[in-house]
Amino acid sequence: MSLPWQILRRVEQPLEVLTDEKNGLPYIKSEYNRDGDSYRSPHSNEYYPPIDKPLLPSPALREMEQKAMPLFREYVYLYYESALHSTYFWDKEDGGFACAILIKKEVDQSKGVKRGTWDSINVVDVTIDKSKQRVNYRITTTAMLSFVIENETAGEVTLAGTYTKQREDSDQYKELNDEFHLANIGKLLEET
């Protein structure tokens, strides 16, 4: 893969919101729930628009994804109040998995802020070393802020910025289960 393509793949785009046609719930559209021109809803596990042979998480990983959604909904409520979030899990070829915890917050209009958004993209890569009974978690968090400020002196001014941070942690396990993974992912998310 060429260097320009590798760089382009790492450029995060502002998060967009779609609506699950099956249940009317909003979800976040991103590269992490995309298959072709369709996007998977974490609520129904269906792609919109529908596609043949969609890429879906394994049943065990889908179950963990469903357990993660209410946990991260609580996290989002505590830290962001009224933000929207979506969580997506996918299998990796090496036997591990990865997940994306996406958060989109519309900033309230106040003190000269005409409109604004805070997008948080958190991607966790999980590698399992069964021979050492060790799991490695690596998170990459990108926060994208965009504000439009308006006042009499400056007129309308757009401010935008991006911040990316990585963190890695590993943990020994006796028994691998969803709760073990979710506790470690949650801790890593909160500390990053």
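Please refer to the structure higher up on the page.
Conventions we followed
Residues numbered from 1 in each chain as written. Predicted model: local features only at pLDDT ≥ 70, side-chain atom pairs only at ≥ 80, totals over all residues. Heavy atoms only, no water. Helix = DSSP H or I, 4+ residues; strand = E, 2+ residues; numbered from the N terminus. Expected span 1.5 Å × (residues − 1). Buried < 20%, exposed > 50% of the residue type's maximum accessible area, 1.4 Å probe, protein only. Pairing = 2+ DSSP bridges. Axes fitted to C-alpha atoms, helices over the stretch in contact; angles between N-to-C directions. Contact = heavy atoms within 4.5 Å. 1 Å grid on protein atoms, 1.4 Å probe; cavity = no way out; pocket = protein on both sides within 12 Å on 5 of 7 lines; lining within 4 Å. Points joined across faces, edges and corners; volume = space filled by probe spheres on them. Nonpolar A, V, L, I, M, F, W, Y, C, P; charged D, E, K, R; others polar. Parallel < 35°, antiparallel > 145°, perpendicular 65-115°, else oblique. Left-handed = near helix turned anticlockwise from the far one by under 90°.

Spanning 22 residues, helix H2 (residues 59–80) covers 30 Å between terminal C-alpha atoms, matching the ideal 32 Å at 1.5 Å per step. What H2 keeps buried is the set Leu61, Arg62, Met64, Glu65, Ala68, Met69, Phe72, Tyr75, Val76 and Tyr80. In the segment just after H2, Glu81 is the residue with positive phi, at about 65°.

Moving on: the sheet that holds strand E9 (residues 134–151). Hydrogen bonds along the backbone pair up the strands of a sheet, which may run parallel or antiparallel. Reading across from one edge, E6-E7-E8-E9-E10 is the order of the five strands in this open sheet, with antiparallel pairing throughout. Taken across any chain shown, the strands that pair with only one partner, and hence form the sheet edges, are strand E6 (84–91) and strand E10 (155–172). Across the sheet, the mean angle from the axis of one strand to that of its neighbour is 10°, orientation sign disregarded. As defined by bridge partners, strand E7 (residues 97–106) adjoins strand E8 (residues 113–129) across ten bridges and the pair is classed as antiparallel. When the bridges of E8 are listed, Ala98 appears paired with Asp125. Against the sheet, H2 makes contact with E6, E7 and E8, and its axis sits at roughly 150° relative to E6, the strand it touches most. On top of the sheet, helix H3 (residues 178–191) reaches E6, E7, E8, E9 and E10; it is set at about 40° to E9, its chief contact.

As a volume, the second largest pocket reaches approximately 270 Å³. Forming the boundary of the second largest pocket are 13 residues, of which Tyr32, Arg34, Tyr47, Leu55 and Trp90 lie nearest the centre. Counting residues per element, the lining of the second largest pocket draws most heavily on E6, which supplies three residues. A class-by-class count of the residues in the lining of the second largest pocket yields seven nonpolar, one polar and five charged.

Another point: the packing of H2 against H3. At a minimum axis separation of 11 Å, H2 and H3 run at an interaxial angle of 30°. Our classification of the angle between H2 and H3 gives roughly parallel. Handedness of the H2/H3 crossing: right-handed. Touching Glu63, Met64, Lys67, Ala68, Leu71, Phe72, Tyr75 and Tyr79 of H2 are Asp178, Glu179, His181, Leu182, Ile185, Gly186, Leu189 and Glu190, all from H3. For the contact of H2 with H3, the class distribution of residues is nine nonpolar, two polar and five charged.

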